[in-house]
Amino acid sequence: MASYTFSTLGKDGCRYYPTRGKSGPGLLDFNWTTDIDKAIHWFEQDDVETIAIEFCNTEIIEITNTEPLEYKIIKDME
């Protein structure tokens, strides 16, 4: 079974992935990392797209749940 995450393009040109950490008042308050291995994984692609649409220059990424993990960009949301 696959899981999903997303990335957003930072002003510095690096891709950032959402991680858990400090919680803010909203559901979209994430910590961010450049390490895809630390990214939050969701089980539903639709859930990821609903969140990712709130950010700019995002990519939806499918993650295989077999070792080693494989990451594949499946959708570009500009």
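Residues numbered from 1 in each chain as written. Predicted model: local features only at pLDDT ≥ 70, side-chain atom pairs only at ≥ 80, totals over all residues. Heavy atoms only, no water.

Tell me what's going on with the overall build of the chain, and back it up with residues and numbers.
Within the chain one finds 1 helix and 5 strands. Against the compact-globule benchmark of 12 Å for 78 residues, the chain has a radius of gyration of 12 Å, which places it among compact chains. If you line up the chain on its principal axes, its C-alpha atoms span 35 × 25 × 25 Å. For the chain, with 78 residues in total, the buried portion stands at 33%. For the chain, the accessible area works out to roughly 5200 Å², and carbon and sulfur atoms hold 51% of it. Where the 7 positive side-chain charges of the chain centre and where its 15 negative ones centre are 6 Å apart. (Helix = DSSP H or I, 4+ residues; strand = E, 2+ residues; numbered from the N terminus. Rg over C-alpha atoms; globule rule 2.2 N^0.38 Å. Buried < 20%, exposed > 50% of the residue type's maximum accessible area, 1.4 Å probe, protein only. Areas by Shrake-Rupley, 256 points an atom, 1.4 Å probe, with all protein chains shown as cover. Lys, Arg positive; Asp, Glu negative; His and termini not counted. Charge placed at Lys NZ, Arg CZ, Asp CG, Glu CD.)

Outline the environment of isoleucine 63, supporting the account with residue identities and numerical values.
Note on placement: isoleucine 63 falls in strand β4 (residues 58-63). According to the relative accessible area criterion, isoleucine 63 is buried, its value standing at 0%. Here the alpha-carbon distance between isoleucine 63 and phenylalanine 43, two residues 20 residues apart in the chain, equals 9.7 Å. Discounting chain neighbours no more than four positions away, the residues touching isoleucine 63 are Ala2, Ser3, Tyr4, Thr5, His41, Leu69, Glu70 and Tyr71. (Contact = heavy atoms within 4.5 Å.)

Go over the packing of aromatic side chains with me, naming the residues and quoting the values.
Applying the stated criterion to the full structure yields 8 aromatic pairs. Centre to centre, the rings of phenylalanine 6 and tryptophan 32 are 6.0 Å apart; their planes meet at 75°, and the pair counts as edge-to-face. With phenylalanine 6 in strand β1 (residues 3-9) and tryptophan 32 in strand β3 (residues 31-33), this residue pair connects regions lying 26 residues apart in the sequence. Looking at phenylalanine 6, the relative accessible area reads 0%, which means it is buried. Overall, tryptophan 32 belongs to the partly exposed group, its relative accessible area being 33%. Grouping aromatic residues by their ring pairs yields a cluster made of Phe6, Phe30, Trp32, Trp42 and Phe55. (Phe/Tyr/Trp six-rings, centres within 6.5 Å; stacked < 30°, edge-to-face > 60°.)

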